[in-house]
Amino acid sequence: MRAALIAAFGEPLEVTDVADPELPENGVVLRVEATGVCRSDWHAWMGHERLPGLPHVPGHEMAGTVVAVGTRVERWSIGDRVTVPFSMGCGRCPSCAAGHLNTCDEGFTPGFSTWGSFAELVALDHADTNLIALPDGFDPVHAAALGCRFVTAFRAVADRGRVESGQWLAVHGCGGLGLSAVMVGAALGARVIAVDIQQAALDMASALGAEATIDATAVESVTGAVREVTGGGSHVSVDALGSTTTAINSVRSLRKQGRHVQVGLLHGEDAGLVLPWERVLMWELEVVGSRGIPATDYPRIFSLIEDGAVDPGRLVTKRIAIEDASDALSAMSRFDGAGMTVIDRF
């Protein structure tokens with residue numbers, strides 16, 4: 001099969017022929033029809049994530065068709081069209097038993113713990129627990145746009161942030177994850193304010209339902225600007241980028257009893273950030289993390305799509321061939337462009 005490999009961190013991916021993946025007894029092999037290029041892939045490419053070793057195939061936002069089924073798989077057959085959450089569960093541990101497959105004690109992620117979907121084929125373990133059937137006729141590119149960014153944003157806004165209709169939702173960072181949060185928040189009736197440093201991203205946020213936008217480079221204080229627009233601060237605030245600046249701005253832009261959701265990945269020096277805990281205490285703020293989504297929650301998202309409340313396809317701004325994956329990752333280093341890039345040609 002053809003695949004794009006990380007041979008050296010930060011260097012162009014090597015697109016070459018490699019051996020087909022082995023079929024797990026309790027898993028499937030998927031022929032990849034589309035896979036998103038996510039900022040998490042950028043972190044892997046840059047060496048911020050622990051990988052089994054190099055060379056390595058990244059990619060975790062995928063949709064495709066099952067072409068081989070392990071002997072211990074009961075729910076899936078060759079020809080099934082599926083997607084999968086990036087935060088996969090074993091189905092046996094206490095977290096999985098409680099319904100929290102996304103925080104599995106033995107959790108694994110294609111593209112990180114195993115070879116991923118920047119390839120024609122990918123092996124997926126624990127298929128009965130993790131695979132999600134795609135609705136008939138669902139565009140594989142749109143399915144790839146669901147995960148991880150759209151489904152992660154849905155859980156962060158709807159479940160962890162618990163945003164309610166009429167409340168202010170501030171989204172700090174409008175990459176694919178942040179734009180998804182904007183779309184989800186607007187669909188749930190929230191009044192969304194989007195913060196970014198790129199006008200193209202802010203324009204797209206407006207088109208997706210943001211009531212107000214803030215260019216972080218054009219104001220003296222992001223938190224002051226948010227508090228002015230919202231009349232005292234947002235009820236829910238999401239750091240969708242993952243940096244010391246955006247996380248602290250998110251907390252400080254809240255009103256009393258507000259909720260900060262940390263969903264952007266924090267690495268390096270940012271991983272040890274110190275939040276304004278006196279503000280958290282005195283204003284009774286909530287600070288929560290949000291990671292992916294359990295496979296069992298996908299029907300809620302499909303219902304929103306079927307009802308026309310959200311359209312993840314609007315987030316896709318580029319469809320590329322696998323040979324162009326390196327350029328897409330490099331663009332993330334420069335924060336170029338807006339929306340999502342999806343590989344649909346291998």
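What comes next is a walk through the structure. If you're wondering where the values come from, they're calculated on a predicted model, not measured in any experiment.

1. Notes on the overall build of the protein
So, point 1. A count of helices and strands for the protein gives 11 helices and 15 strands.
So, point 2. Taken over C-alpha atoms, the radius of gyration comes to 20 Å for the protein, in line with the 20 Å a tight globule of 346 residues would show.
So, point 3. Dimensions of the protein along its principal axes, counting C-alpha atoms only, are 60 × 40 × 35 Å.
So, point 4. Taken across its 346 residues, the protein has 55% of its residues classed as buried.
So, point 5. A separation threshold of at least 6 residues defines the contact pool for the protein, and within that pool the share at least 24 residues apart is 71%.

2. Digging into the packing of aromatic side chains
So, point 1. Applying the stated rule across the entire model yields 2 aromatic pairs.
So, point 2. The interplanar angle of 65 degrees and the centroid separation of 5.8 Å between the aromatic rings of Phe-138 and Phe-302 together place this pair among those described as edge-to-face. Remark: Phe-302 occurs in helix α10 (residues 298–306) and Phe-138 occurs in the loop between β7 (132–133) and α4 (140–160); sequence separation between them is 164 residues.
So, point 3. Residue Phe-138 is classed as buried on the basis of its relative accessible area, which comes to 12%.
So, point 4. A residue is classified by how much of its surface remains accessible, and Phe-302, at 8% relative accessible area, is buried.
So, point 5. Seen in terms of ring centroids, Tyr-298 and Phe-302 are 6.1 Å apart; in terms of plane orientation they differ by 55 degrees. Their pairing is tilted. With Tyr-298 and Phe-302 both in helix α10 and 4 residues apart, the pair spans about one turn of that helix.
So, point 6. Overall, Tyr-298 belongs to the buried group, its relative accessible area being 0%.

3. Quick notes on a nonpolar patch on the surface
So, point 1. Taken together, Val-274, Trp-277 and Val-287 make up a surface patch of nonpolar side chains, about 300 Å² in accessible area.
So, point 2. Relative to the helices and strands, Val-287 resides in strand β13 (residues 286–289).

4. Overview of the sheet that holds β13
So, point 1. The strand order across the open sheet formed by 6 strands is β10-β9-β8-β11-β12-β13, and the pairing between neighbours is parallel. Both edges of this open sheet fall to β10 (212–215) and β13, since each of them pairs with a single strand only. Taken pair by pair, the neighbouring strands of this sheet meet at an average axis angle of 20 degrees, ignoring direction.
So, point 2. The pairing of strand β11 (residues 234–239) with strand β12 (residues 254–262) spans 5 bridges and is classified as parallel. Within β12, the residue paired with Val-238 across the bridge is Val-261.
So, point 3. Contacts from helix α8 (residues 244–252) reach β8 (168–172), β11 and β12 within the one sheet, and its direction differs from that of β12 by about 150 degrees.

5. Examining unusual backbone geometry
So, point 1. In this structure, the amide linkage connecting Leu-54 to the following residue, Pro-55, adopts the cis form with an omega of 5 degrees.
So, point 2. Here Pro-55 lies in the loop between α1 (39–46) and β4 (61–69).
So, point 3. In this model, Gly-147 is joined to Cys-148 through a cis peptide bond whose omega is 15 degrees.
So, point 4. Tracing the backbone through its elements, the reader meets Cys-148 in helix α4.
So, point 5. For His-126, which is not a glycine, the phi torsion comes out positive at approximately 50 degrees.

6. A few points about the environment of Gly-272
So, point 1. Its location among the elements puts Gly-272 in the loop between β12 and α9 (277–282).
So, point 2. As a C-alpha pair, Gly-272 and Met-282 span 10 residues in sequence and 22 Å in three-dimensional space.

7. As for the nonpolar core
Burial of nonpolar side chains together is a common tendency in soluble globular proteins.
So, point 1. Leu-146, Phe-150, Leu-169, Val-182, Ile-301 and Phe-302 are the most contacted members of the largest nonpolar core, which has 54 residues in total.
So, point 2. Elements with a contribution of two residues or more to this core: α4, β8, α5 (176–187), β9 (191–196), α6 (199–207), β11, α10 and β15 (340–345).
So, point 3. Considering every element that reaches this core, the biggest residue donor is α4, with 12 residues.
So, point 4. Contacts of Leu-146, omitting those with residues within four sequence positions, involve Phe-138, Val-151, Ile-301, Phe-302, Ile-305 and Pro-312.
So, point 5. In terms of nonpolar packing, the next biggest core, distinct from the first, is built from 42 residues, Val-29, Ala-44, Val-66 and Ile-343 among them.

8. Here we look at the pattern of salt bridges
So, point 1. As enumerated under the stated definition, the model contains 12 salt bridges in all.
So, point 2. Of the charged contacts, one joins Arg-81 and Glu-33 as a salt bridge, the two residues approaching to 4.0 Å between their closest N and O atoms. Remark: Glu-33 occurs in strand β3 (residues 28–37) and Arg-81 occurs in strand β5 (residues 81–83); sequence separation between them is 48 residues.
So, point 3. Looking at Glu-33, the relative accessible area reads 26%, which means it is partly exposed.
So, point 4. Between Arg-191 and Glu-211 there is a salt bridge whose closest N-O contact spans 2.6 Å. Of this pair, Arg-191 sits in strand β9 while Glu-211 sits in the loop between α6 and β10; the two residues are 20 residues apart in sequence, bridging distant segments of the chain.

What counts and what doesn't
Residues numbered from 1 in each chain as written. Predicted model: local features only at pLDDT ≥ 70, side-chain atom pairs only at ≥ 80, totals over all residues. Heavy atoms only, no water. Helix = DSSP H or I, 4+ residues; strand = E, 2+ residues; numbered from the N terminus. Rg over C-alpha atoms; globule rule 2.2 N^0.38 Å. Buried < 20%, exposed > 50% of the residue type's maximum accessible area, 1.4 Å probe, protein only. Contact = heavy atoms within 4.5 Å. Phe/Tyr/Trp six-rings, centres within 6.5 Å; stacked < 30°, edge-to-face > 60°. Patch = residues over 30% accessible without salt bridge, like charges linked within 9 Å, V, L, I, M, F, W, Y side chains within 5 Å. Areas by Shrake-Rupley, 256 points an atom, 1.4 Å probe, with all protein chains shown as cover. Salt bridge = Lys/Arg side-chain N within 4 Å of Asp/Glu carboxyl O. Pairing = 2+ DSSP bridges. Axes fitted to C-alpha atoms, helices over the stretch in contact; angles between N-to-C directions. Core = buried A, V, L, I, M, F, W, Y, C linked by side-chain atoms within 4.5 Å.

These results come straight from atomic positions and should not be treated as a statement about function.
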